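Examining the three-dimensional arrangement
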Amino acid sequence: MLDSLTFLVEKLSLLSNFKLFEFKWTDRKRKGSGCKKRTMHSHASLSLQRGDLLEVPRTLFTHFGIYLGDNKVAHLIPDIMPVLTNDKMIIKTVITNKRLIMGCLYKCATVRVDTLEDFVYGSNILVNHMDRKYKAQQPFPNEEVADRAEQLVGAIPYSLLWNNCEHFVTYCRYGSAKSQQTEMFCECLKSIIRDQRSVFLSVLLGIIYIVCFGLAPSTTLPTILIPFTLWMAG
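Keep in mind the model is a prediction, meaning the values are calculated, not measured.

When two helices pack together, their arrangement is given by the angle between the helix axes and the distance between those axes. Between helix α7 (residues 142-151) and helix α8 (residues 165-174), the least distance of the axes is 8 Å, while the angle of their chain directions is 135°. Compared by their axis directions, α7 and α8 come out oblique. Along this stretch, α7 crosses α8, giving a crossing that reads as right-handed. Counted together, Asn142, Val145, Arg148 and Ala149 of α7 and Phe168, Tyr171, Cys172 and Arg173 of α8 form the full contact between these two elements.

The next thing to look at is the pattern of salt bridges. Evaluated as defined, the whole model comprises eight salt bridges. The salt bridge involving Arg50 is made with Asp147; its shortest N-O contact spans 3.0 Å. You can see Arg50 sitting in the loop between α2 (24-33) and β1 (53-57) and its partner Asp147 sitting in helix α7, a full 97 residues away along the chain. Assessed through its relative accessible area of 24%, Arg50 is described here as partly exposed. Asp79 is the partner of Arg99 in a salt bridge, and the nearest nitrogen-oxygen pair spans 2.7 Å.

With respect to topology, six strands assemble into an open sheet ordered β5-β1-β2-β3-β4-β6, the strand pairing being antiparallel. In this open sheet, the two edge strands, each paired with only one partner strand, are β5 (126-127) and β6 (154-157).

The UniProt record marks residues 199-232 with the feature "transmembrane region" (unreviewed entry), using the residue numbering of this structure. Counting secondary structure, residues 199-232 comes out at 91% helix and 0% strand; the distance between its end C-alpha atoms is 10 Å.

We now examine helix α11 (residues 217-233). Given a rise of 1.5 Å per residue, 17 residues ought to cover 24 Å, and the 23 Å separating the end C-alpha atoms of α11 matches this to within 8%. Thr219, Thr223, Pro227 and Leu230 are the residues of α11 that are buried. Seen along its axis, α11 keeps its buried residues to an arc of 65°; they face one direction. Of the residues in α11, the exposed ones pointing more than 90 degrees away from the buried face are Pro217, Ser218, Ile224 and Met232. Buried-residue contacts for α11 involve α9 (180-194) and α10 (197-213).

Take the nonpolar core next. Counting residues in hydrophobic clusters, the biggest one holds 20 residues, and the most contacted among them are Leu53, Ile66, Leu76, Ala149 and Phe168. Residue assignment for this core shows that the elements contributing at least two residues are β2 (62-69), β3 (72-78), β4 (108-115), α7 and α8. Per-element tally for this core: the top contributor is α8, with five residues. Leaving out residues up to four positions away in the same chain, Ala149 has contacts with Ile66, Leu68, Ala74, Val111, Phe168 and Cys172. The next biggest cluster of nonpolar side chains, apart from the first, holds nine residues, and it includes Leu48, Leu116, Phe119 and Val120.

Time to look at the layout of surface pockets. What the second largest pocket holds in volume is close to 320 Å³. Lys88, Ile91, Lys92, Thr110 and Gly154 are the residues nearest the centre of the second largest pocket, which is lined by 14 residues in total. Of all the secondary structure elements, the ones that give two or more residues to the lining of the second largest pocket are α4 (88-91), β4 and β6. For the lining of the second largest pocket, the element with the most residues is β4, which contributes five residues.

Parameters and conventions
- Residues numbered from 1 in each chain as written.
- Predicted model: local features only at pLDDT ≥ 70, side-chain atom pairs only at ≥ 80, totals over all residues.
- Heavy atoms only, no water.
- Axes fitted to C-alpha atoms, helices over the stretch in contact; angles between N-to-C directions.
- Helix = DSSP H or I, 4+ residues; strand = E, 2+ residues; numbered from the N terminus.
- Parallel < 35°, antiparallel > 145°, perpendicular 65-115°, else oblique.
- Left-handed = near helix turned anticlockwise from the far one by under 90°.
- Contact = heavy atoms within 4.5 Å.
- Salt bridge = Lys/Arg side-chain N within 4 Å of Asp/Glu carboxyl O.
- Buried < 20%, exposed > 50% of the residue type's maximum accessible area, 1.4 Å probe, protein only.
- Pairing = 2+ DSSP bridges.
- UniProt positions renumbered as here; feature names shortened; annotations may be inferred.
- Expected span 1.5 Å × (residues − 1).
- Arc of directions from axis to C-beta.
- Core = buried A, V, L, I, M, F, W, Y, C linked by side-chain atoms within 4.5 Å.
- 1 Å grid on protein atoms, 1.4 Å probe; cavity = no way out; pocket = protein on both sides within 12 Å on 5 of 7 lines; lining within 4 Å.
- Points joined across faces, edges and corners; volume = space filled by probe spheres on them.

This is how it looks when you write it as structure tokens:
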């Protein structure tokens, strides 16, 4: 099962190179706001300051970190290794996909300090771009941002939606943990639930499930309850 999940993550990473996955809401937001297109930079061409908030694109999301100076970045990432061992040398090794997936499933993460190159992982960087999104909240002075990040280094509970890398950096820089990626995901989920076609699709899948596995409580109850819940929620 874990090998299958790892395989899926790797294939999604390959597909992302062909830009098959794009957040449509991002494009709409840019058009609606009239903001200039975001400028991506190679880390080699940047002059970073301690406390800068860094963003790098990943497969289906954006990863965030706080620059600490001396080519070091603090960032929150799922990792199962702190649960399995106290050996800091092992924990500091590069996190594999298996470690990351197991960390997500076990809801365990670590705020760790990596080199800028390891954090970027070949991607381009946005620097302090989130300041434009949080205009109502003034960022802390850069030195305080970095200090807050350093104080959180170590094992930490993880939630994909409620305590992820974006929550970590917004807490360090603005004092409140927020995630626009989570908000957009929830909005997308709500639009799916409100779409009545989801009800008919769930009924159809339920009927197929019953045909394939027979009439039983384990097949009949989901076929009834899931469409009913979607209908009432919509």
